[in-house]
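Letter by letter, the chains look like this.
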Amino acid sequence: MAVPDYLAQTYTWAYLRPRAVRLLDREVVVNAILWGNYSRLVRAACAQFHPGEHVLQAASVYGSQPLQLADRLAPAGRLTVIDVSRLQVEHLRAKLATRANASVRLADATAPGPETYDGVCCFFLLHEMPDAYKSRTVNALLARLKPGGRAVFVDYAAPRWFHPLRGVMWLVNRWLEPYAASLWRNPIASFAERADQFHWTERRLFLGLYQVVVAHRSGPGRRAAAHLRYAGPSPERNSPAP
Ligand SMILES: C[S@@+](CC[C@H](N)C(=O)[O-])C[C@H]1O[C@@H](n2cnc3c(N)ncnc32)[C@H](O)[C@@H]1O
């Protein structure tokens, strides 16, 4: 399977070289990249899932996040992780070798396969994708939810105007993360074609720099409340960086 162009062109240095994986897959590194918020963000994502559930994770993540999520679902629940990079799949398989309830396979997040899940976890993936890919990914992941299931998207968002790191993050987006600025302007729900079929909640952390968005599919245990459904505008695709 070929990796998508955006990944090869923008993120080879981070994900597609064995040396990069060895260097970056450390708790201290990912925590520094997230300004000390890694544990808090992982906890916020894992808290949405329950022991016994089967959860799909849309891509590999550096640090302990995949281990923590597998442990959260154990003993009866299962974690399935997909990743589009063969190197990442092999690396994560080795990392999760001690977790009998976790498996990893090669797949693109826009085509995760036919199975349905109690939950989907998408941790800092969308900001690395062009907007068209964001839409395809959000729609493909939401389609894999069982009735009553939920998808959790943890990612960057627009920091408050007085955030001391706002300027730094703007520069980081400009130089290293060209697809992230779109998440400063567009709610994640706006990338979903059938957003009205889900109940959306959004929480901001660290003065707005991070968002935890949960999409609940109505069904047993959850009925979509019409007045809470997302009815906002479509994303301003390809608009210039702020
Ligand atoms: C989840 S994202 C970023 C996570 C975060 N920065 C971290 O700490 O690792 C990185 C992963 O996404 C994978 N990826 C990128 N595009 C993908 C796609 N379309 N489908 C599946 N995996 C993808 C990359 O191969 C990489 O392993």
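Please refer to the structure placed before this passage.
What counts and what doesn't
- Residues numbered from 1 in each chain as written.
- Predicted model: local features only at pLDDT ≥ 70, side-chain atom pairs only at ≥ 80, totals over all residues.
- Heavy atoms only, no water.
- Helix = DSSP H or I, 4+ residues; strand = E, 2+ residues; numbered from the N terminus.
- Contact = heavy atoms within 4.5 Å.
- Near = heavy atom within 4 Å.
- Areas by Shrake-Rupley, 256 points an atom, 1.4 Å probe, with all protein chains shown as cover.
- Polar contact = N/O pair within 3.5 Å; in protein donor to acceptor, adjacent residues only side chain to side chain.
- Pairing = 2+ DSSP bridges.
- Right-handed = clockwise from strand over helix to strand, strands pointing away.
- Axes fitted to C-alpha atoms, helices over the stretch in contact; angles between N-to-C directions.
- Salt bridge = Lys/Arg side-chain N within 4 Å of Asp/Glu carboxyl O.
- Buried < 20%, exposed > 50% of the residue type's maximum accessible area, 1.4 Å probe, protein only.

Peer 1: Would you mind going over the side chain of Asn139 with me for this structure?
Peer 2: The topology assignment puts Asn139 in helix α7 (residues 131-143). Setting aside chain neighbours within four positions, we find Asn139 in contact with Phe191, Ala192, Glu193 and Arg194.

Peer 1: I would appreciate a short explanation of the site of the ligand in the present structure.
Peer 2: Every one of the 22 residues lining the ligand counts as a neighbour, but Tyr6, Tyr62, Asp83, Ala109 and Phe124 are closest to it. Expressed as a share of its isolated accessible area of 600 Å², the protein-covered part of the ligand is 94%. Looking at which element gives the most residues to the shell around the ligand, the answer is helix α1 (residues 5-15), with 3 residues.

Peer 1: Can you help me understand the side chain of Thr137 in this one?
Peer 2: Positionally, Thr137 belongs in helix α7. Within the structure, Thr137 has its side chain in polar contact with the backbone oxygen of Tyr133 (distance 2.8 Å). For Thr137, the contacting residues outside a window of four places in its chain are Ala109, Thr110, Leu125, Leu126 and Met129.

Peer 1: Even after reading the chapter, I still don't get the pairing of strand β3 (residues 102-106), so can you show me in this structure?
Peer 2: Every regular strand shows the same layout, with side chains that alternate between the two sheet faces. Here 5 bridges tie strand β2 (residues 78-83) to β3, and the two strands are oriented parallel to one another. Bridging from a neighbouring strand, Thr80 pairs with Ser103 of β3. For the crossover that starts at β2, traverses helix α6 (residues 86-95) and ends in the parallel β3, the hand is right-handed.

Peer 1: Help me understand the sheet that holds strand β1 (residues 54-57) in this model?
Peer 2: Strands in a sheet are paired, the pairing made by backbone hydrogen bonds, and the direction either parallel or antiparallel. Across the sheet, 7 strands lie side by side as β3-β2-β1-β4-β5-β7-β6; this open sheet has mixed pairing. Only two strands of the sheet have a single neighbouring strand rather than two, namely β3 and β6 (198-205). Sheet twist, expressed as the average angle between the axes of neighbouring strands with direction ignored, equals 15°. On the sheet, helix α4 (residues 38-46) packs against β4 (117-123), β5 (145-156), β6 and β7 (210-217) and is oriented at approximately 160° with respect to β4.

Peer 1: In this structure, what is going on with the environment of Ala70? I would like to understand it.
Peer 2: Assignment of secondary structure puts Ala70 in helix α5 (residues 65-73). In this structure, the C-alpha to C-alpha distance between Ala70 and His54, residues 16 residues apart in sequence, is 9.7 Å. Beyond its immediate sequence surroundings of up to four residues, Ala70 is in contact with Leu79, Leu96, Arg99, Asn101 and Ala102.

Peer 1: Just checking my understanding: could you explain the pattern of salt bridges for this structure?
Peer 2: It is possible for side chains of opposite charge to pair when their charged atoms get near one another. Summed over all chains, the structure comprises 7 salt bridges. In this structure, Lys95 and Asp25 form a salt bridge, with 3.0 Å as the shortest nitrogen-oxygen distance. In this pair, Lys95 is assigned in helix α6 and Asp25 in the loop between α2 (18-24) and α3 (27-33), connecting sequence segments 70 residues apart. Judged by its relative accessible area of 16%, Asp25 is buried.

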